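Descriptive structure summary
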Amino acid sequence: MYSNIQDCDEVFNFWEPLHFLEHGDAFQTWEVTPAFAIRSWAYILLHLPLARLGALLSPGKRPAFFAVRIGLAVVSTLCEAKFCRVVVEKVNERVGRYLFFMLLFNTGMWIASPAFLPSSFVMYATTLAFAHALEPSSIKNNSRTFLVTLLFVTGAIVGWPFGLALALPFVFEECFVFAGDTVPPTEYKRWIVARWKRLFVAGLVSLLLLVPVIAIDSVAYGRWTIVPWNIVRYNIFGGAQRGPDLYGTSPWHFYVTNLLLNFNILLILALVSLPSLLISYFVDKRRLGNQKSSPDRSSPFTVLALRLMPLYLWIGTLSMQAHKEERFMYPVYPLLCFNAAVTLYLLRGWMEVAYVYVTKSPYRASRSALFGTMTLLVVIASGLVSISRTLALYHYYHAPLDVYSHFEVFELPRVLNRTGLLPPVPAEADEREQPNVDLTLIKEFEFRLCLGKEWHRFPGHYLVPSGVRVDFVKSDFAGLLPAHFQHSLMETCDYLVDLDFPRHPILSRQEPRYAVDGNVWQRAVCFPFLDAAHSSRLTRTLWIPGSWWQSKNEFGDYCLLRNEKRVYEKERRVAARVQDVHL
């Protein structure tokens, strides 16, 4: 519930279409127009029951918004729980224990789990697929092949087609690696034909999922539409005038830097997992059991290496693309934690081998608390840094959600109270103590909430009550804004959301400092918003309580501004009508 919305694409490409399905109005982007059709309405439609459930539990649109986010977080939690359970059973109990705490506390999962994005959907599907794929492939286990294939294909068709790249190690294992089978040379040809045939059939059956997805999207767009193909075509075969690079490029190390922020030391552990496995092969071969490789069976090191490979494929492939976004990494967040947990387990094995080598006493090694203490310290340190990072994101960047909450919970009820449409609410009442207020009468005021340079932090119409129109006003942004595809005049705005940095003001002809223009605008409420450009790198990255730490940061004012003259005039007019009715 408290996670920030990190990406405006989440709002304009998914929250807004969902709002359109439920309420009949929303902003529209070019991605969901029939000319491009690179967003799947089938994916959006999956979330409608959660929104409807929220609306049933409590009046207004706000509960629907949080019902969807909570529902997505619950789905993610269930997938992670299944993943941890299978790691304990199929890999190692300690690896599963490390994985549990890494998933529980890290910032990346806090961001990705409730996100209404196809990349998060791919993360759920991949986590479940990976959980089933941890069972070594065997000619006797057809259900494993079908389930894993279905889950990978579901993530690609319903969510994001590029997520299918994460299935490549699984496909390689299915086609070429003995894994759970023992295959004499005389049976090899028959074995490989059976494996390939099984995978082909599983893939063919899984592709039937395209039928309902194509049907839903074709109805929504009014023409024959295959959204997964449209996504691939636009991003790979779009040509010079189309494609993702038009929306910004980043250096090759963008993902490494971003993952360090969200996963800290876990990223380092994850990236050295394959080299660590190679070292263990030479210094601690028994770490993965006593099974030995032979011409007719696979080494457990080979099988585990295939489990570690998807993270490398994903980071390597996406780092080579010029256009990069944080959400593109979401699908491998649980796999990153798995790789890190495996590395930590292997490091513990090296320590045990070194201890036995020095002391010549396996018994003393089995009784020593040194190894458990070391791994515990790594997990605790990573967890504490992640919690600090999570708190930083919340305290420094949560102001946009707070502003829209205040608008609905305090400002609009205040207007209704002043005009006699609602009984007064005690000013000292906490937000959690506020009664549910029927805001349907707010339509009488025909309020217009305007967004200028802060259009990209708009959290969606679900957090704006019905009866309030949201419009854009001119700013320095020269790109194509979501529909209405037009700008409103500032003189027609009753409220404005704007960000002001008092100590380092930024202004232009199109973006004046509205927050200090007291002749027109009154601050209904303002919340602190980090001025990252003028804050210490360390203190803006992590949050620690205390004035000394926060003194290294600078903050701006993220404000809901009220056009006092326009709002007062509308209040007066509505109040007069209410009085006439009572008379």
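See the structure above.
Let me begin by describing the structure that accompanies this report. All of these numbers come straight from a predicted model, not from anything done at the bench.

Conventions and cut-offs
- Residues numbered from 1 in each chain as written.
- Predicted model: local features only at pLDDT ≥ 70, side-chain atom pairs only at ≥ 80, totals over all residues.
- Heavy atoms only, no water.
- Salt bridge = Lys/Arg side-chain N within 4 Å of Asp/Glu carboxyl O.
- Helix = DSSP H or I, 4+ residues; strand = E, 2+ residues; numbered from the N terminus.
- Buried < 20%, exposed > 50% of the residue type's maximum accessible area, 1.4 Å probe, protein only.
- Disulfide = S-S within 2.5 Å.
- Contact = heavy atoms within 4.5 Å.
- Phe/Tyr/Trp six-rings, centres within 6.5 Å; stacked < 30°, edge-to-face > 60°.
- Lys NZ or Arg CZ within 6 Å of the ring centre and 35° of its normal.
- Patch = residues over 30% accessible without salt bridge, like charges linked within 9 Å, V, L, I, M, F, W, Y side chains within 5 Å.
- Areas by Shrake-Rupley, 256 points an atom, 1.4 Å probe, with all protein chains shown as cover.

Going through the model one piece at a time under the given rule, you end up with 32 salt bridges. Here Glu89 makes a salt bridge to Arg85, at a shortest N to O gap of 3.4 Å. Here the residue Glu89 and the residue Arg85 both occupy positions in helix H4 (residues 62–90), the gap between them amounting to 4 residues, near one helical turn. Overall, the relative accessible area of 52% leaves Glu89 in the exposed class. Arg85 sits in the partly exposed class, given a relative accessible area of 46%. Asp284 serves as the salt-bridge partner of Arg287, at 2.9 Å between the closest nitrogen and oxygen. Given the relative accessible area of 13%, Arg287 is considered buried.

This brings us to the state of the cysteines. Taken as a whole and judged by the stated rule, the model has 2 disulfides. Covalently, Cys450 is tied to Cys493 through a disulfide, its sulfur atoms 1.9 Å apart. Disulfide Cys450-Cys493: the torsion about the S-S bond is -90°, which places it as left-handed. One end of the pair, Cys450, is in strand E1 (residues 448–451); the other, Cys493, is in the loop between strand E3 (487–488) and strand E4 (495–500), and 43 residues separate them in sequence. The buried category is assigned to Cys450, whose relative accessible area is 0%. Each disulfide pairs two cysteine sulfurs, and for Cys526 the partner residue is Cys559, the sulfurs being separated by 2.0 Å. Since a negative S-S torsion denotes a left-handed disulfide, the Cys526-Cys559 link at about 110° is right-handed. A residue pair is termed long-range when its members are at least 10 positions apart, and Cys526 in strand E5 (residues 521–530) and Cys559 in strand E6 (residues 555–563) qualify at 33 residues. Assessed through its relative accessible area of 26%, Cys526 is described here as partly exposed.

Moving on: the side chain of Asn339. Checked against the element boundaries, Asn339 lands in helix H17 (residues 333–359). Since its relative accessible area comes to 1%, Asn339 is described here as buried. Apart from residues lying up to four places away in sequence, Asn339 is in contact with Leu269, Ala270, Ser273, Arg307, Leu308, Leu311 and Tyr312.

Evaluation of the coordinates by the stated rule reveals 46 aromatic pairs. Summarising the aromatic geometry, the rings of Trp15 and Phe65 are spaced 4.5 Å apart at their centres and angled 35° between planes, so their arrangement reads as tilted. On the criterion of sequence distance, the pair formed by Trp15 in helix H1 (residues 8–23) and Phe65 in helix H4 is long-range, its members being 50 residues apart. One exposure class covers both Trp15 and Phe65, and it is buried. The structure contains a cluster of three or more aromatic residues connected by ring pairs, namely Phe14, Trp15, Tyr43, Phe65, Phe66, Phe116, Phe121 and Tyr462. The side chain of Lys285 reaches across the aromatic face of Tyr281, ending 4.1 Å from its centre.

This brings us to a nonpolar patch on the surface. A surface patch of nonpolar side chains, amounting to about 780 Å² of accessible area, comprises Phe100, Phe101, Leu104, Phe105, Leu376, Ile380, Leu384, Ile387 and Leu391. Listed by contribution, the elements that provide at least two residues to the nonpolar patch are helix H5 (93–105) and helix H19 (370–397). Element by element, the count of residues in the nonpolar patch is highest for H19, at 5 residues. Inspection of the secondary structure assignment puts Leu391 in helix H19. With relative accessibility at 31%, the residue Leu391 sits in the partly exposed group.

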